[in-house]
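Understanding the architecture of this molecule
This is what each chain is made of:
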Amino acid sequence: MKSTELYALLKSDLGSWFKSADFKRTKGFLSWSRSRGGASTVVWFQASRDGWDAFAGSKFVVEFQRSAEPVPGAHPARRMRIASLLSAPAREEMRALQNSVITSLTPPPDSHHALHVSENVTAWYRKKFVLDALPYSDGDDVWLRYAAPDHAREWSRFLLQHLPACVASAESWA
């Protein structure tokens with residue numbers, strides 16, 4: 001599932017919520033913005049530059065921003081990724097979903113190219129198949145894993161439950 005497919009699925013699943021919350025699509029990444037309290041609230045989704053792997057899948061992150069301009073990554077801005085805005089129980093829900101995705105992955109055969117580059121690359125690649133054992137903190141930079149459309153849809157359902165509170169939190173920033 002390439003990033004373009006991920007973005008299309010997320011846009012389809014989440015677009016109506018953003019529209020109903022008075023957000024407009026912005027340029028760059030898959031992103032939406034709305035003006036509140038003299039500033040723009042921007043929410044965007046970014047697929048990993050690691051690319052797609054048939055065994056490990058890929059990952060994406062959700063970022064929230066308050067800035068003068070409705071542009072993802074605008075400066076100056078205050079930005080936080082989703083784990084920073086979730087409650088501890090919501091982060092546990094996130095970790096459970098993350099581990100569900102990881103559990104569903106099929107490990108690569110021993111002939112996989114990533115296992116024959118170097119010891120460091122092999123360790124980095126094998127870590128993609130290890131469950132997240134520790135609870136996420138509000139300081140963790142959590143990228144949401146996916147390897148199939150069903151995984152992305154599960155993340156959409158999770159996000160729809162938590163977007164209102166995350167946006168409200170971002171809009172409370174001074």
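Located above this text is the structure these notes cover.
Since the model is a prediction, treat every value here as computed from it, not as a measurement. (Residues numbered from 1 in each chain as written. Predicted model: local features only at pLDDT ≥ 70, side-chain atom pairs only at ≥ 80, totals over all residues. Heavy atoms only, no water.)

Regarding helix H1 (residues 3-20)
Along its 18 residues, H1 runs 25 Å from first to last C-alpha, staying within 8% of the 26 Å computed at 1.5 Å per residue. Taken as a whole, H1 carries its principal kink of about 45° at Leu14. For H1, every residue scored as buried is listed here: Leu6, Leu9, Leu10, Asp13, Leu14, Gly15, Trp17 and Phe18. On its buried face, H1 is in contact with strand S2 (30-36), strand S3 (39-47), strand S4 (58-67), strand S6 (144-146) and helix H5 (149-171). (Helix = DSSP H or I, 4+ residues; strand = E, 2+ residues; numbered from the N terminus. Expected span 1.5 Å × (residues − 1). Bend = angle between axes of the 7 residues up to and from the residue. Buried < 20%, exposed > 50% of the residue type's maximum accessible area, 1.4 Å probe, protein only. Contact = heavy atoms within 4.5 Å.)

Section: the layout of surface pockets
In this structure, the largest pocket occupies an estimated 500 Å³ of space. In this structure, the largest pocket is lined by 22 residues; those nearest its centre are Lys59, Lys127, Lys128, Asp132 and Arg145. Secondary structure elements with two or more residues in the lining of the largest pocket: S4 and helix H3 (88-104). (1 Å grid on protein atoms, 1.4 Å probe; cavity = no way out; pocket = protein on both sides within 12 Å on 5 of 7 lines; lining within 4 Å. Points joined across faces, edges and corners; volume = space filled by probe spheres on them.)

Concerning the nonpolar core
Ranked by size, the top nonpolar core spans 38 residues in total, and within it Phe45, Phe60 and Phe64 carry the most contacts. Every element with two or more residues in this core is listed here: H1, S2, S3, S4, helix H2 (82-85), H3, S6 and H5. Broken down by element, the residue count for this core peaks at eight residues, all from H5. Beyond its immediate chain neighbours, meaning those up to four positions away, Phe60 contacts Leu6, Leu10, Phe45, Gln46, Ala47, Ser48, Trp143, Leu144, Tyr146, Trp155 and Leu159. (Core = buried A, V, L, I, M, F, W, Y, C linked by side-chain atoms within 4.5 Å.)

Topic: the environment of Leu131
By the element assignment, Leu131 lies in the loop between helix H4 (119-126) and S6. In contact with Leu131, not counting residues within four places along its chain, are Asn99, Ile102 and Thr103.

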